[in-house]
Amino acid sequence: MTAEILNQIYQKLFRHFGPQGWWPGETPFEVCVGAILTQNTNWQNVERAIKNLKERGLLEPHKLFSLPLEELAQLIRPAGYFRVKAKRLKNFLKLLVEEYQGSLERLFAAGPELARQKLLAVSGIGPETADSILLYAGGFPVFVVDAYTKRILLRHGLATEEMGYEELKELFEKNLPAQTELFNEYHALLVACGKTYCRPRRPSCEKCPLKDLEKEF
DNA sequence: TGCCAGGCCGGGT
DNA sequence: ACCCGGCATGGC
């Protein structure tokens, strides 16, 4: 039952918005950096910050790790929360460089479960950031939950307010085929819908592709 | 002009 | 186990 509804949501969103083509990033490492920088932040601002790093040829684990904290902070300033995010990036880079020789391949080689544990142990990487890295940089079939996901499920009665991250994540992972491409598009489509229609203060539910979802079930 | 953006941490109940 | 303040820039 739940599986069927989740399928319908995906179909409706895909028909309406089309393929989203996430994640914007040329390399897995760039995706990781973007995942940390985009925490509670507009993607457009993140792109500016990444551009600053890329222009200077700093978008590489060892180089970025050896960059002084204050310099890093200034470069990523457009992404907001720049002082905390500089530290968070450093924490991630420390793990990557000191435990995996700067190689994401080595981190991911441990498998998604262990890699997730290692990522969550980094101060500044929470469940959403970790799962974004695993899905969009690692290519693992891991579902990413965010504020939009919860809001959309709530509005359609598929989730309750008290459900936490892990619970929402399992809702998708247990009821959908574990396919990276599907999880990739699905999360991106939920974001697209949340931005356009299912917004916090001014929802435009009349135009939302999910508007008459419950009628069908 | 205020509100919002692809969260998370640390300290306090 | 939750709750909350703090973190900050740029676009609409």
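On a predicted model such as this, the values are computed, not experimentally measured, just so you know.

What counts, and where the lines are drawn
- Residues numbered from 1 in each chain as written.
- Chains lettered and ligands numbered in written order.
- Predicted model: local features only at pLDDT ≥ 70, side-chain atom pairs only at ≥ 80, totals over all residues.
- Helix = DSSP H or I, 4+ residues; strand = E, 2+ residues; numbered from the N terminus.
- Rg over C-alpha atoms; globule rule 2.2 N^0.38 Å.
- Buried ≥ 20, exposed ≤ 12 C-beta atoms within 10 Å, placed from the backbone.
- Contact = placed C-beta atoms within 7 Å.
- UniProt positions renumbered as here; feature names shortened; annotations may be inferred.
- Near = placed C-beta within 6 Å.
- Nonpolar A, V, L, I, M, F, W, Y, C, P; charged D, E, K, R; others polar.

Helix and strand content of chain A: twelve helices and zero strands. Scanning chain A from its N terminus toward the C terminus, one meets helices and strands in the order α-α-α-α-α-α-α-α-α-α-α-α. Taking 17 Å as the expected radius of gyration for a compact globule of 217 residues, we find that chain A reaches 18 Å, a close match to that expectation. Of all 217 residues assigned to chain A, the portion counted as buried reaches 29%. For chain A, the share of sequence-separated contacts (at least 6 apart) that also reach a separation of at least 24 residues comes to 64%.

Within the UniProt annotation, "domain: HhH-GPD" (unreviewed entry) is assigned to residues 37-196. Across residues 37-196 one finds 68% helix and 0% strand; the C-alpha atoms that close the span lie 22 Å apart.

This part covers the protein's contact with DNA strand C. In the vicinity of DNA strand C, the contacting residues are Asn-40, Thr-41, Asn-42, Gln-44, Asn-45, Arg-77, Pro-78, Gly-80, Tyr-81, Phe-82, Arg-83 and Val-84. Secondary-structure elements contributing two or more residues to the surface near DNA strand C are helix H3 (43-55) and helix H6 (82-100). Top element by residues in the surface near DNA strand C is H6. It accounts for three residues. Tallied by class, the residues present in the surface near DNA strand C amount to four nonpolar, six polar and two charged.

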